[in-house]
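What the coordinates show
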2 protein chains.
Amino acid sequence: MKTEKIAFIGTGVMGASVVKHLMRASFDVTVYTRTKSKANALIELGAHWANTVAEAVREADIVFTMIGMPSDVEEVYLSESGVFANGHAGQIVVDMTTSSPELAVRLAEKAQSLGMFSLDAPVSGGDIGAKNGTLSIMCGGQKELFDRLMPILSVFGEKIVYQGEAGAGQHAKMCNQITVAGTMIGICEALAYAMKSGLDPDTMLQSVASGAAGSWNLSALGPRIIQEDYEPGFYVKHFVKDLNIALREAEALQLELPGLTLAQKMYSELLDKGYGEKGTQALIKHYINS
Amino acid sequence: MKTEKIAFIGTGVMGASVVKHLMRASFDVTVYTRTKSKANALIELGAHWANTVAEAVREADIVFTMIGMPSDVEEVYLSESGVFANGHAGQIVVDMTTSSPELAVRLAEKAQSLGMFSLDAPVSGGDIGAKNGTLSIMCGGQKELFDRLMPILSVFGEKIVYQGEAGAGQHAKMCNQITVAGTMIGICEALAYAMKSGLDPDTMLQSVASGAAGSWNLSALGPRIIQEDYEPGFYVKHFVKDLNIALREAEALQLELPGLTLAQKMYSELLDKGYGEKGTQALIKHYINS
């Protein structure tokens, strides 16, 4: 058993995989998540269960959070029953939720005022990356803390990059999502064009995927779009949340991003139409059969 | 020496590389291009020079064209001094220009009426793909003709795919360009966001390029954008031509493609501002220092 005691808050699909990697690496992990049933498998594997955030946090050396919306992050960290009210000086908090850079800065300031250390560390790589321990982890905070956490992050991450001061990890994640937004529009428009113009979409993909138009998303999601398989690799509802954050940050930076604006509008419409629990490839619905 | 005599019209950067591959494979190649100096190196390597399209075409078994705008293609094929007026029954014509699917269909019909055979065969892979003989070739026309030409196309292509009837090669190429359009917007907006938000763009790329946001263009052009290197891998002026064709075709198909529409508008503005001879990565100018 490693000496560090870890509290892990939020054991959704991604979080649960990360916890498994931490336990395999012999860390002592206490978990808390809103719906206890989502943690049962982890408890069976040896994780301790905490009935509240406060209980999870109290004894921990390091607190990881991987939750839903920025409002959840605020609640978990800043409420009376939250991390900061129940933590202690010297404790390390690592938020892996994709959340707002502005909030990450606020959390870092609050942590510092309490003698705690904080890192924003959102990830990319999806459920598969989490399962295989190959996540890309984008980190913002003090460089010293980053270096200190590297051995633990390496347990479930492959590409672990220090992006800069508090909030920089979240900013890098926004860059990731902005890139994906444009790419998804290109992919879905090409497939819609292929279908309408009478091409065989699979044959089109054969020509297009391996060349200058190729991308991770085209290879991973192009075939699913053709098969009308909208099972989520990444939820529309989460993507809308991320695009909303990116757009708000871009506005604060006085940066006009028409591609992001378009994507946010299209994905929001998709959410309104009830596709929130589908994968991002459901954007094709904007063009075909909608 | 192979038995087929080839005429090759249009020896720009891409065309010249293709001709070299054909000659290395022992084909007898006659070249014509608007500016003779662009063919000098090929003539030194053993290509025959023709003073006119008519002269190039007359003795050829197979005519390849790889020229600029659809208007050039019309001129070269349909004018009094062009391919059809000077060709002969049984001859094969292969247009590798990225041109309009509608025009490809017209050329195929005209060829058929003259007892000639035609294939539209636009390529992807850029100057490097042409140089290395690894082009992706998207083919439209009769399947029999495609099969018959496969050994010759293999001389300079790697991914050679039959897309369907006349025009289908051009349609597939439009899908390629539509995909690239969305991807380029995503890439440039992510880099603009990185720069404005105070991230180090190179460090951002480290996190983003290898994951779910990764693409051929991000890896190839992201670093050039950061280095403010706008040398063309693919010309803005040619991309605008392609996006114009795609948009016109989409309209004809009654397909609304807002991402393509946005890209066409942004790249057209870039052209108006004098960036036509720059590479597609110059789109960053729309966001930074513009």
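Residues numbered from 1 in each chain as written. Chains lettered and ligands numbered in written order. Predicted model: local features only at pLDDT ≥ 70, side-chain atom pairs only at ≥ 80, totals over all residues. Heavy atoms only, no water.

Here we take up the packing of aromatic side chains. Within this structure, the stated rule accounts for 14 aromatic pairs over all chains. When the centroid spacing of 4.9 Å and the interplanar angle of 85 degrees are considered together, the rings of F239 of chain B and Y267 of chain B count as edge-to-face. Linking F239 of chain B in helix α12 (residues 236–252) with Y267 of chain B in helix α13 (residues 258–275), this pair joins segments that are 28 residues apart in sequence. Residue F239 of chain B is classed as buried on the basis of its relative accessible area, which comes to 1%. You can call Y267 of chain B buried: its relative accessible area is 0%. Grouped by ring-pair contacts, the aromatic residues F8, F64 and F156 of chain A constitute a single cluster. (Phe/Tyr/Trp six-rings, centres within 6.5 Å; stacked < 30°, edge-to-face > 60°. Helix = DSSP H or I, 4+ residues; strand = E, 2+ residues; numbered from the N terminus. Buried < 20%, exposed > 50% of the residue type's maximum accessible area, 1.4 Å probe, protein only.)

The next subject is the pattern of salt bridges. Throughout the structure, instances matching the rule amount to 14 salt bridges over all chains. D147 of chain B serves as the salt-bridge partner of K143 of chain B, at 2.9 Å between the closest nitrogen and oxygen. Placement of the pair is K143 of chain B and D147 of chain B together in helix α8 (residues 143–153), with a separation of 4 residues, close to one helical turn. Three or more residues are tied together by salt bridges with common partners; here these are E74, E102 and R106 of chain A. (Salt bridge = Lys/Arg side-chain N within 4 Å of Asp/Glu carboxyl O.)

Looking now at the interface of chain A and chain B. Facing the 59 residues of chain A at the interface are 59 residues of chain B. Taken together, both faces of the contact between chain A and chain B bury some 4600 Å²; the carbon and sulfur share is 67%. When the area that chain A buries against chain B is broken down by residue, the three leading residues are Y193, S207 and A212 of chain A, summing to 15%. Taken together, the links from chain A to chain B amount to 0 salt bridges. Inspection of the region where chain A meets chain B yields 18 residue pairs in polar contact (both at pLDDT 80 or more). Listing elements by their share of the side of chain A that touches chain B, those giving two or more residues are β8 (135–141), β9 (157–164), α9 (168–196), α10 (201–209), α11 (216–226), α12 (236–252) and α13 (258–275) of chain A. Take the side of chain A that touches chain B: its biggest share by element is 20 residues, from α9 of chain A. (Contact = heavy atoms within 4.5 Å. Buried area = accessible area lost by both parts, 1.4 Å probe. Polar contact = N/O pair within 3.5 Å; in protein donor to acceptor, adjacent residues only side chain to side chain.)

Residues and elements named next belong to chain A. You can read the domains of chain A as domain 1 (5–165) and domain 2 (171–286). Measuring from the centre of the C-alpha atoms in domain 1 to the corresponding centre in domain 2 gives 28 Å. At the junction of the two partners, domain 1 supplies 14 residues and domain 2 supplies 12 residues. Between domain 1 and domain 2 the total buried area reaches about 1000 Å² when both faces are included, carbon and sulfur atoms providing 66% of it. Here domain 1 is connected to domain 2 by 0 salt bridges. Joining domain 1 to domain 2, the criterion identifies 5 residue pairs in polar contact (both at pLDDT 80 or more). Listed by contribution, the elements that provide at least two residues to the side of domain 1 that touches domain 2 are α6 (101–113) and β7 (123–124). (Domains from an automatic or database assignment.)

Looking now at unusual backbone geometry. With a phi angle near 55 degrees, Q254 of chain A is a residue other than glycine that sits in the positive phi range. With respect to the secondary-structure elements, Q254 of chain A resides in the loop between α12 and α13. When its relative accessible area of 73% is taken as the criterion, Q254 of chain A is described as exposed. Even without being a glycine, S26 of chain B presents a positive backbone phi close to 70 degrees. Structurally, the position occupied by S26 of chain B is in the loop between α1 (13–24) and β2 (28–32). Classification of S26 of chain B as partly exposed rests on a relative accessible area of 33%.

The next subject is the relation of the copies chain A and chain B. Each copy of the sequence occupies a distinct position, and chain A is placed on chain B by a rotation of 180 degrees and an axial shift of 0.0 Å, giving an RMSD of 0.0 Å. On this basis, the relationship between the two copies can be described by a two-fold rotation axis. The share of interface residues of chain A whose copies in chain B are also at the interface is 100%, consistent with both copies meeting through the same surface. (Least-squares fit on C-alpha atoms with pLDDT ≥ 70 in both.)

For the rest of this paragraph, the subject is the pairing of strand β4 (residues 62–65) of chain A. Residue and element names in this part refer to chain A. The side-chain alternation of β4 yields two buried faces, one formed by I62 and F64 and the other by V63 and T65. Judged from the 4 bridges that link them, strand β1 (residues 5–9) and β4 form a sheet pairing that is parallel. Among the inter-strand pairings, I6 is bridged to a residue of β4, identified as I62. Across 4 bridges, the pairing between β4 and strand β5 (residues 92–95) is parallel. (Pairing = 2+ DSSP bridges.)

Turning our eyes to something else, we now look at the packing of helix α10 (residues 201–209) of chain B against helix α11 (residues 216–226) of chain B. Packed helices, taken two at a time, are described by the angle between their axes plus the distance between the axes. Residue and element names in this part refer to chain B. The geometry of α10 relative to α11 is characterised by a closest axis approach of 10 Å and an angle of 170 degrees between their N-to-C directions. It follows that α10 is roughly antiparallel to α11 by the angle criterion. Residue-level contacts link P201, D202, L205, V208 and A209 of α10 to L218, S219, G222, P223 and I226 of α11. In terms of residue class, the contact of α10 with α11 is made up of 7 nonpolar, 2 polar and 1 charged. (Axes fitted to C-alpha atoms, helices over the stretch in contact; angles between N-to-C directions. Parallel < 35°, antiparallel > 145°, perpendicular 65-115°, else oblique. Nonpolar A, V, L, I, M, F, W, Y, C, P; charged D, E, K, R; others polar.)

What follows concerns the side chain of S207 of chain A. Within the secondary structure, S207 of chain A is located in helix α10. The class for S207 of chain A is buried, based on a relative accessible area of 1%. Those residues in contact with S207 of chain A, other than ones at most four positions away along the chain, are S136, M138, V161 and Q163 of chain B.

Residue and element names in this part refer to chain A. The buried count for β9 comes to 6 of 8 residues, which makes it a mostly enclosed element. Sheet topology note: the β8/β9 ladder contains 6 bridges and is parallel. Looking across to β9, one finds that L135 is bridged to G157. Between the parallel pair β8 and β9, the chain is carried across by helix α8 (residues 143–153), and the sense of this crossover is right-handed. (Right-handed = clockwise from strand over helix to strand, strands pointing away.)

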